[in-house]
Amino acid sequence: QAQLVESGGGLVQAGGSLRISCAASGRTFSSYTTAWFRQGPGKEREFVAAISWSGGSTYYTDSVKGRFTISRDNAKNTVYLQMNNLKPEDTAVYYCAAREGTFGTVYRSNMYALWGQGTQVTVSS
């Protein structure tokens, strides 16, 4: 059974940068579409970004376009989320999710079978 483990979260000032990682174990990660979701205080979980198994396709929610970049290194079984120009409203627990299959409807959380435990990102104003 594959497992996902997020790391790299922390406290950063507004305008700063942070890179979080999602490492997979248990099976080959390279065939999985992978996404980041987040859940802020008192909010529902929302889609942030997704990347196809090859890395050739990416998709972002509007609020992070131009600031966040999702990437992957299949040799390391790891997906990254580089977050620049962070804002207080980016404060949330960030979750990695993965699924097999095509790169479609990637923004729907119920399309993902594998989830990590989350990593906290806090942006101070």
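Reading guide: rules and limits
Numbers given to residues run from 1 along each chain, matching the order in which its sequence is written. Predicted model: local features are reported for residues with pLDDT of at least 70 only, side-chain atom pairs are reported and counted for 80 or more only, and whole-chain, interface and lining totals are derived from all residues. Calculated side-chain values reflect all of the structure's heavy atoms, with hydrogen atoms and water omitted. Runs of H or I in DSSP of at least four residues are treated as helices and runs of E of at least two as strands, each being numbered from the N terminus. Only C-alpha atoms enter the radius of gyration; for comparison, a globular chain is expected to reach 2.2 Å times N to the power 0.38, where N is the number of residues. When a residue's accessible area, from a 1.4 Å probe over protein chains only, is under 20% of the maximum for its type it is buried; when over 50% it is exposed; and in between it is partly exposed. Under the convention used here, a 1.4 Å probe and the Shrake-Rupley method define accessible areas, while residue burial counts only the protein chains that appear. None of His or the chain ends enter the tally, which takes Lys and Arg as positive and Asp and Glu as negative. Charged groups are reduced to one reference atom each: NZ for lysine, CZ for arginine, CG for aspartic acid, CD for glutamic acid. For Phe, Tyr and Trp, where Trp contributes only its six-membered ring, two rings pair if their centres lie within 6.5 Å, and the inter-plane angle classes them as stacked under 30 degrees, edge-to-face over 60, or tilted in between. Should the NZ of a Lys or the CZ of an Arg lie within 6 Å of a ring centre and within 35 degrees of the ring normal, that charge is described as sitting over the ring. Two N or O atoms form a polar contact when they lie within 3.5 Å of each other; inside protein one atom must be a possible hydrogen donor and the other a possible acceptor, and for residues adjacent in sequence the pair counts only when both atoms belong to side chains. Pairs of cysteine sulfur atoms within 2.5 Å are what we label disulfides.

What exactly am I supposed to notice about the overall build of the protein chain here?
When its secondary structure is counted, the protein chain shows zero helices and eleven strands. Reading the protein chain from its N end, one meets helices and strands in the order β-β-β-β-β-β-β-β-β-β-β. In terms of C-alpha radius of gyration, the protein chain reaches 13 Å, essentially the compact-globule figure of 14 Å for 125 residues. The buried share among the 125 residues of the protein chain stands at 44%. When the accessible surface of the protein chain is summed, it comes to about 6,200 Å², and 46% of that surface belongs to carbon and sulfur atoms. One way to put it: in the protein chain the 12 positive side-chain charges average out to a point 3 Å from where the 8 negative ones average out.

I tried to follow the packing of aromatic side chains on my own but got confused; where do I start?
Geometry of an aromatic ring pair is reported as the spacing of the ring centres plus the angle between the planes. In the structure shown here, the tally under the stated rule is six aromatic pairs. Summarising the aromatic geometry, the rings of F37 and Y112 are spaced 5.5 Å apart at their centres and angled 75° between planes, so their arrangement reads as edge-to-face. Note that F37 is positioned in strand 4 (residues 32-39) and Y112 in the loop between strand 9 (92-100) and strand 10 (114-115), a separation of 75 residues in sequence. Judged by centre distance (5.1 Å) and plane angle (50°), the rings of F37 and W115 are tilted. Pair noted here: F37 is in strand 4 and W115 is in strand 10, with a separation of 78 residues, a long-range link. Taking relative accessible area as the criterion, F37 reaches 1% and is therefore assigned buried. One aromatic cluster is present, formed by F37, F47, Y59, Y107, Y112 and W115 through successive ring pairs. Above the ring of W115, the side-chain terminus of R45 is found at 4.8 Å from the ring centroid. Here the guanidinium or amino end of R99 rests over the ring plane of Y112, the centre of that ring lying 5.1 Å away.

How do you make sense of the side chain of R67 when you look at a structure like this?
Structurally, R67 is set in the loop between strand 6 (58-60) and strand 7 (68-73). Here S63 takes part through its backbone oxygen, which lies 2.9 Å from a polar atom of the side chain of R67.

Just checking my understanding: could you explain unusual backbone geometry for this structure?
Negative phi is the rule for most residues except glycine; trans is the rule for most peptide bonds. With a phi angle near 55°, N77 is a residue other than glycine that sits in the positive phi range. Tracing the chain through its elements places N77 in the loop between strand 7 and strand 8 (78-83). Of note in the backbone geometry, T105 takes a positive phi value of approximately 40° without being a glycine.

Please explain the state of the cysteines as it appears in this structure.
In a disulfide, the sulfur atoms of two cysteines are held together by a covalent bond. In total, this model carries one disulfide according to the counting rule given. Residue pairing for C22: its cysteine sulfur links by disulfide to C96, the two sulfurs lying 2.0 Å apart. Handedness here is read from the sign of the S-S torsion; for C22 and C96, about -75°, the answer is left-handed. Residue C22 is found in strand 3 (residues 18-25), and its partner C96 is found in strand 9; the two are separated by 74 residues along the sequence. This pair shows no difference in class: C22 is buried, exactly as C96 is.

By themselves, these figures tell us nothing about what the structure is for.
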